Amino acid sequence: MRADTGSRSAHEDRTTLLIIAKEPVPGRVKTRLTPPYTPAEAASLAEACLADTLHAALAMPARRRVLVLDGHPGPWLPPGFDVVPQCDGGLDERLAAAFAACRGAALLIGMDTPQVAPALLAPALGPNGWHDCDAWFGPAADGGFWALGLAQPDPGLLRGVPMSTATTGAAQRRRLTDAGLRVRDLPMLRDVDTAEDAARVAADVPGGQFARTLARLSRTTAR
């Protein structure tokens, strides 16, 4: 199941960049931030997470940039992205469908890691990203994963992987290696799920929209 990467042209080496996300609607996103934040404030933080992620995606070379969206695009979406709806089903089915729609190599990232930056994505999206590599894997601190790249997208590599557990990342990575894929790892990142997560991530990337939004909301909450 290894990809024949040696014969690809420079054009063929370009990768589709997928971002899977929810529309930042109060009460539907970042519900574990409530309390201390209100549903509207949590949605503002989700929007900031998404904005920083989209900004990083725009800074990287890609065949296409695709937002795989649960909901509807809003003014927060900059130009440069194709928008496709998420399919029905569990998260494994939705991720599998996103890969199934791709032609050629694809890298998928989530919206919960606003600290993602071009330098973090460069190993997978650079000119040698698929040299001696069939898959990229970005583990998350909570046991999940924030990035998954496949040189030859195969939906079967995701379907049936238990999602949203403390062992999801390990199960997904094992699925890749059990298929005989050569896997390279990206740095571990922390998802923004709780207020503690938010504070730690903002401290790591104080210049982003997420950090600025958190600082503004924290001042309001402290009053």
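Before any of the text, the structure's been laid out above.
What comes next concerns the included structure. (Residues numbered from 1 in each chain as written. Predicted model: local features only at pLDDT ≥ 70, side-chain atom pairs only at ≥ 80, totals over all residues. Heavy atoms only, no water.)

All right, on to unusual backbone geometry then. A cis amide bond links Thr34 with the next residue in sequence, Pro35, at an omega value of -15 degrees. You can see Pro35 is positioned in the loop between strand E1 (16-22) and helix H1 (39-58). Between Pro35 and the following residue, Pro36, the backbone shows a cis peptide bond with an omega angle of 10 degrees. Mapped onto the elements, Pro36 comes out in the loop between E1 and H1. Here the phi dihedral of Lys30 falls at roughly 50 degrees; this positive angle occurs in a residue that is not glycine. (Helix = DSSP H or I, 4+ residues; strand = E, 2+ residues; numbered from the N terminus.)

The next subject is the pairing of strand E6 (residues 145-150). Within E6, six of the six residues are buried, leaving the element largely enclosed by the surrounding structure. As judged from the four bridges shared by strand E4 (residues 106-110) and E6, these two strands associate in the antiparallel manner. Note that in E6 the partner of Ala106 across the bridge is Leu150. With five bridges joining them, strand E5 (residues 135-139) and E6 adopt antiparallel strand pairing. The residue of E6 that forms the bridge with Phe137 is Leu148. Between E5 and E6, which pair antiparallel and follow one another directly, the connecting turn spans five residues, one of which, Gly143, has a positive phi of 100 degrees. (Buried < 20%, exposed > 50% of the residue type's maximum accessible area, 1.4 Å probe, protein only. Pairing = 2+ DSSP bridges.)

This part covers the nonpolar core. Counting 33 residues, the largest nonpolar core has Ile19, Leu50, Leu54, Leu67, Leu121 and Trp146 as its most contacted members. With six residues, H1 is the largest single contributor of residues to this core. Discounting residues that sit within four places of it in the chain, Leu67 has contacts with Ile19, Ala21, Leu50, Leu54, Trp76, Leu77, Phe81, Asp82, Val83 and Val84. Ranked by size, the runner-up nonpolar core spans 25 residues in total, among them Val66, Val68, Ala171 and Leu176. (Core = buried A, V, L, I, M, F, W, Y, C linked by side-chain atoms within 4.5 Å. Contact = heavy atoms within 4.5 Å.)

Take the pattern of salt bridges next. Within this structure, the stated rule accounts for ten salt bridges. Salt-bridge contacts for Asp193 lead to Arg32; the nearest nitrogen and oxygen are separated by 3.9 Å. Of this pair, Asp193 sits in the loop between strand E7 (183-185) and helix H5 (195-204) while Arg32 sits in the loop between E1 and H1, placing them 161 residues apart in sequence. Given the relative accessible area of 55%, Arg32 is considered exposed. For Arg190, the salt bridge goes to Asp197, with nearest N and O atoms at 3.0 Å. A single salt-bridge network, built from bridges that share partners, covers Asp132, Asp134 and Arg182. (Salt bridge = Lys/Arg side-chain N within 4 Å of Asp/Glu carboxyl O.)

Turning to the sheet that holds E5, a few remarks are in order. Backbone-to-backbone hydrogen bonds pair the strands of a sheet. The strands run either parallel or antiparallel. Overall, mixed pairing links the seven strands, which are arranged E3-E2-E1-E4-E6-E5-E7 in an open sheet. Of all strands in the sheet, those with a lone pairing partner are strand E3 (82-85) and E7, marking the two edges. Strand after strand, the sheet turns through a mean of 20 degrees between neighbouring axes, direction not considered. Along the sheet, helix H4 (residues 168-178) makes contact with E5, E6 and E7, crossing E6 at roughly 10 degrees. (Axes fitted to C-alpha atoms, helices over the stretch in contact; angles between N-to-C directions.)

The next point concerns the side chain of Thr15. Position of Thr15 relative to the elements: it lies in the segment before E1. A distance of 2.9 Å separates a polar atom in the side chain of Thr15 from a polar atom in the side chain of Trp130. (Polar contact = N/O pair within 3.5 Å; in protein donor to acceptor, adjacent residues only side chain to side chain.)

Under the criterion given, the structure shown has one aromatic pair. With 5.6 Å between their ring centres and 40 degrees between their planes, Phe137 and Phe145 make a pair best called tilted. Owing to a relative accessible area of 3%, Phe137 belongs among the buried residues under this scheme. (Phe/Tyr/Trp six-rings, centres within 6.5 Å; stacked < 30°, edge-to-face > 60°.)

With that settled, consider H4. One turn of the α-helix equals 3.6 residues, which is why residues spaced by three or four share an orientation. Within the sequence span of H4, burial applies to Thr168, Gly169, Ala171, Gln172 and Leu176. Close packing links the buried residues of H4 with E5, E6 and E7.

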